[in-house]
Amino acid sequence: VKKEKINLVHGAHRDGKRPDEAMKKWRGYGLGQFIHWGLYAIPGGEWNGKTYNGAAEWIRSWDGIPKSTYDSLIYKFNPVNFDAKAWAATAKQMGAKYVTITTKHHDGFCLWPSKYTDYTVANSPWKKDIIKPLVDAYDAAGIDVILYFSVMDWNHPGWRYDIKTEADSIAFEGFKQFTRNQLIELLTLYPTAKGLWFDGTWDKSWVKQAAFADELEQELRKLRPGIIIGSRFRADEYGKRHFDSNGVLIGDYEQGWERKLPEKIADVHGNDWDCVMTVPENQWGYNKAWKGHIKTAFELIEMTAKSVSLGGNFVMNFGPQGDGAIRKEELQLAKEIGDWMKVNSEAIYNCEYAVLDKQDWGYFTKKTGSNKIYMLVFNTPINGKYRVKLPAKMGISMAAPLSNPGVKLKIEEIKANEYFIEFNNPSAKQPFVITFETDTDK
Ligand code: FHN
């Protein structure tokens, strides 16, 4: 039985993918970097001798640290080893095409000198804007910048988790204006930013603001045409988040893939999406403890391949230290991923879902707008034969290793539209790519 469509005023404003150039570029990024940085990097998951092997940016709420105690970390913010160009160089070396930077996390501390609160870098010993040099450095490196912004703000007196009384309502009205002011300020100060990445939008207080948030989103889009805003910003008038009450994605791409990946193409419902991933199980902000299972470059590359094969982007998180330097473990991963990307990024950038059945050896991607297919191999078959199934009437014109296009690989047709591509590559220590072109004259 087909569900009847509900008339929504503040639901999704578009069905299907955004077709414009800015969004096409976003779709082609393949790999990105996430940066969680703020005051929480100073304690680094440790408070009064106790350590938290978890999301260090939440330490204030986990340890019940009084607001004034936590907020006084501002007087310690003096990241003498902060070097925006070095951060951008690390991202570039890794092969990231976009970066999402926390301008303000849940604690409310602003990495830019906002004129709407005193709780900013301007009042720290550091004094200077952090966002401006970062935007400049990443722009210069050719890496698009997306500004992360937490709506939930533990510092602002008007913030409420829910609105139950008249007093809450008055306080929250002030908070809404503050939020609007800050967002306009960010887009005005950093006009080259390509998107806003919203977080901290799940509490009842904000979920109830469908009309306000919808209008604000329109206003921001008018201010910066082409700006990219994901599905986390606002709820519809029934409080539905990400997907409206008719099941249509709200915003330009699905922001629900956090620390998890879709398994199959049906899971992404034909929408744009990206996956944001931590290196340990759940650490965003810098945590001195680097414990539990730490993902390897191999795993992160495989997640990148899988994301692109299912039409998404993969974003690896970095949590720089309180002194501004990136921890050595993350630098090492960036190098290893970058070394792989140097050889294989053709199979990642500007690639999309190939509309082919996944096989056990790895993942298919397809160069957008062409007939070039990439096979990203993570498991090598012992017999060196790679199974490929193509749709009816489609053939393979030739196959070769991406790293050595001169080598023509043997193609055996097993049955109609099903092939083995042979590649004995016993020396492979890293995931690698086989390319082929399809022809439709078959
Ligand atoms: O609570 C935050 C968390 O600290 C981190 O910023 C992640 C990143 O996607 N977002 C929230 C949890 O969904």
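Here, the structure is the one placed above.
No experiment lies behind these values; they were computed from the predicted model shown.

1. Quick word on the sheet that holds strand β6 (residues 195-199)
Judged by pairing direction, the sheet is parallel, and its eight strands sit side by side in the order β7-β6-β5-β4-β1-β10-β9-β8 without closing on themselves. Strands with a single pairing partner mark the edges of an open sheet, and in this sheet they are β7 (228-229) and β8 (254-258). Pairing between strand β1 (residues 31-35) and strand β4 (residues 98-104): four bridges, direction parallel. Bridge pairing in β4 places Gln33 opposite Val99.

2. Let's talk about the packing of aromatic side chains
In the structure shown here, the tally under the stated rule is 31 aromatic pairs. Relative to Phe432, the ring of Phe423 has its centre 5.5 Å away and its plane inclined at 80°; by these criteria the two rings are edge-to-face. By relative accessible area, which is 11% here, Phe432 ends up buried. Across the ring face of Phe212, the terminal group of Lys176 is positioned such that the distance to the ring centre comes to 5.0 Å. Between the NZ or CZ atom of Lys260 and the centre of the ring of Trp257, over which it lies, the distance is 5.6 Å.

3. Describing the site of the ligand
Taken together, 13 residues lie near the ligand, and His36, Glu57, His105, His106 and Asp199 sit nearest. Within the side chain of Glu57, an N or O atom sits 2.5 Å from an oxygen atom of the ligand. Within the contact set of the ligand, an oxygen atom lies 2.8 Å away from a side-chain nitrogen or oxygen of Glu258. Contact with the protein chains removes 90% of the 330 Å² of surface that the ligand exposes when unbound. Its residues assigned to classes, the shell around the ligand comprises six nonpolar, three polar and four charged.

Rules behind the numbers
Residues numbered from 1 in each chain as written. Predicted model: local features only at pLDDT ≥ 70, side-chain atom pairs only at ≥ 80, totals over all residues. Heavy atoms only, no water. Pairing = 2+ DSSP bridges. Helix = DSSP H or I, 4+ residues; strand = E, 2+ residues; numbered from the N terminus. Phe/Tyr/Trp six-rings, centres within 6.5 Å; stacked < 30°, edge-to-face > 60°. Buried < 20%, exposed > 50% of the residue type's maximum accessible area, 1.4 Å probe, protein only. Lys NZ or Arg CZ within 6 Å of the ring centre and 35° of its normal. Near = heavy atom within 4 Å. Polar contact = N/O pair within 3.5 Å; in protein donor to acceptor, adjacent residues only side chain to side chain. Areas by Shrake-Rupley, 256 points an atom, 1.4 Å probe, with all protein chains shown as cover. Nonpolar A, V, L, I, M, F, W, Y, C, P; charged D, E, K, R; others polar.

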